[in-house]
Amino acid sequence: MAEHRFDNGKSMRTPMARAKGLGASGGGTEHFWRQRVSAVANALLVLPVVIIVAMIAGRPQAEAVAIVSHPFAAILLALFVVSIAYHMRLGMQIIIEDYVHGKGAKVAALIANTFFAVLVGAASLFAILKIGFSPLF
Amino acid sequence: MAQAELRKGQAQRPLSPHLQIYRWTWTMAMSVLHRVTGAALYLGTAILAYWLVAMASGPEAYASAQWLIGSWFGILVLFGYTWALMHHMLGGLRHFIWDFGRGFGDEQRFLLAKATLAGSAALTILIWVVALVAR
């Protein structure tokens with residue numbers, strides 16, 4: 001809060017900016033909160049997903065498809081890949097902001113980060129849905 | 001002119017000491033490992049996506065993915081991925097404890113840091129033993 005700053009009331013921030021409380025990032029605690037919410041989802045989903053993957057491991061494609069196409073497995077896997085893709089985009093953003101200082105390089109890295117996370121998430125989700133719907137067609 | 005003697009990229013302002021200056025502690029090592037495992041998992045998701053897409057593509061694509069992942073190198077990566085996943089998860093749970101304002105005590109911090117490493121190793125071995133025995 002402005003009144004606790006060492007410059008003691010000489011803040012350049014407007015009363016509106018202070019009232020909003022979103023700070024220099026413009027986002028307040030939003031990034032932190034989303035990271036934690038997705039972390040809770042990941043923590044809940046990781047055990048069932050590990051079990052599903054362990055069940056599939058070593059089986060031929062037809063049996064793997066049979067396991068993944070069960071709605072229970074497909075829904076858990078779908079939630080997991082979306083949640084981890086979202087969580088890892090947030091996490092890598094922090095790493096980039098910590099280590100990449102050049103403005104152009106930073107923006108490029110942040111865009112690449114988003115693209116990679118969306119690509120991984122979308123490809124995984126599509127594959128799960130295709131397998132999940134395959135017995136219906 | 002002092003300005004002229006500045007080499008390119010050389011920082012003249014006082015810099016705070018960085019990682020190599022400090023004595024390594026458990027909490028510091030686990031903090032670094034949390035970030036490293038997070039970055040490793042980030043790259044590892046590409047393997048997960050490849051595996052799922054191969055499965056969705058058909059028996060031949062899946063067979064070649066299985067050959068790649070089932071090779072000794074693939075197994076090694078998968079084992080490392082399991083450990084990174086467990087370590088990052090336990091590190092995250094440690095952050096949740098801290099989020100509630102607990103676990104900051106002198107002994108608690110180091111106990112939690114050590115538990116993160118011991119727990120991740122134990123869970124990784126447990127997962128692989130169960131997965132292989134249940135086969």
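Residues numbered from 1 in each chain as written. Chains lettered and ligands numbered in written order. Predicted model: local features only at pLDDT ≥ 70, side-chain atom pairs only at ≥ 80, totals over all residues. Heavy atoms only, no water.

**Considerations on the overall build of chain A**
A count of helices and strands for chain A gives five helices and zero strands. Secondary structure elements in chain A, listed N-terminal to C-terminal, are α-α-α-α-α. Whereas a compact globule of 137 residues would reach a radius of gyration of roughly 14 Å, chain A reaches 21 Å, over 25% beyond that. Taken over the C-alpha atoms alone, chain A extends approximately 70 × 30 × 25 Å along its principal axes. Buried residues in chain A amount to 33% of all 137 residues. (Helix = DSSP H or I, 4+ residues; strand = E, 2+ residues; numbered from the N terminus. Rg over C-alpha atoms; globule rule 2.2 N^0.38 Å. Buried < 20%, exposed > 50% of the residue type's maximum accessible area, 1.4 Å probe, protein only.)

**What to know about the nonpolar core**
Ranked by internal contacts, the top residues of the largest apolar core, which has 34 residues, are Ile56 of chain A together with Trp51 and Met55 of chain B. Of all elements in the fold, only helix H2 (30-56), helix H3 (61-68), helix H4 (71-99) and helix H5 (103-133) of chain A together with helix H2 (26-57), helix H3 (59-70), helix H4 (72-99) and helix H5 (106-133) of chain B reach the threshold of two or more residues within this core. For this core, the element with the highest residue contribution is H4 of chain A, accounting for eight residues. (Core = buried A, V, L, I, M, F, W, Y, C linked by side-chain atoms within 4.5 Å.)

**Remarks on the confidence of the model for chain B**
Residues and elements named next belong to chain B. Confidence in the prediction of chain B, expressed as mean pLDDT, is 90, and 92% of residues score 70 or more. Confidence, expressed as mean pLDDT per element, reaches its minimum in chain B at helix H1 (residues 2-5) with 50 and its maximum at H4 with 97. The complex model carries a pTM of 0.86, and its ipTM stands at 0.86. (pLDDT = per-residue confidence, 0-100.)

**What to know about the environment of Ile67 of chain A**
Within the secondary structure, Ile67 of chain A sits in helix H3. For Ile67 of chain A, a relative accessible area of 17% corresponds to the buried category.

**Looking at the interface of chain B and chain A**
Tallying the contact residues gives 26 residues for chain B and 36 residues for chain A. With both sides pooled, the region where chain B packs onto chain A buries about 2,600 Å², and carbon together with sulfur makes up 73% of that total. Considering only the side of chain B, the residues that lose the most area to chain A are Arg35, Tyr42 and Met55 of chain B, jointly responsible for 26% of the buried surface there. For the pair chain B and chain A, the number of links is two salt bridges. Arg35 of chain B is the salt-bridge partner of Asp98 of chain A, the closest N and O atoms lying 2.8 Å from each other. Viewed at the interface, chain A and chain B are joined by seven residue pairs in polar contact (both at pLDDT 80 or more). Those elements giving two or more residues to the side of chain B that touches chain A turn out to be H2, H3, H4 and H5 of chain B. (Contact = heavy atoms within 4.5 Å. Buried area = accessible area lost by both parts, 1.4 Å probe. Salt bridge = Lys/Arg side-chain N within 4 Å of Asp/Glu carboxyl O. Polar contact = N/O pair within 3.5 Å; in protein donor to acceptor, adjacent residues only side chain to side chain.)

**Let's talk about the environment of Ala39 of chain B**
Along the chain, Ala39 of chain B turns up in helix H2. Overall, Ala39 of chain B belongs to the partly exposed group, its relative accessible area being 24%. Through-space distance from the C-alpha of Ala39 of chain B to that of Gly74 of chain B is 18 Å; in sequence the pair is 35 residues apart. Among all residues touching Ala39 of chain B, those that are not within four sequence positions of it are Met92 and Ile95 of chain A.

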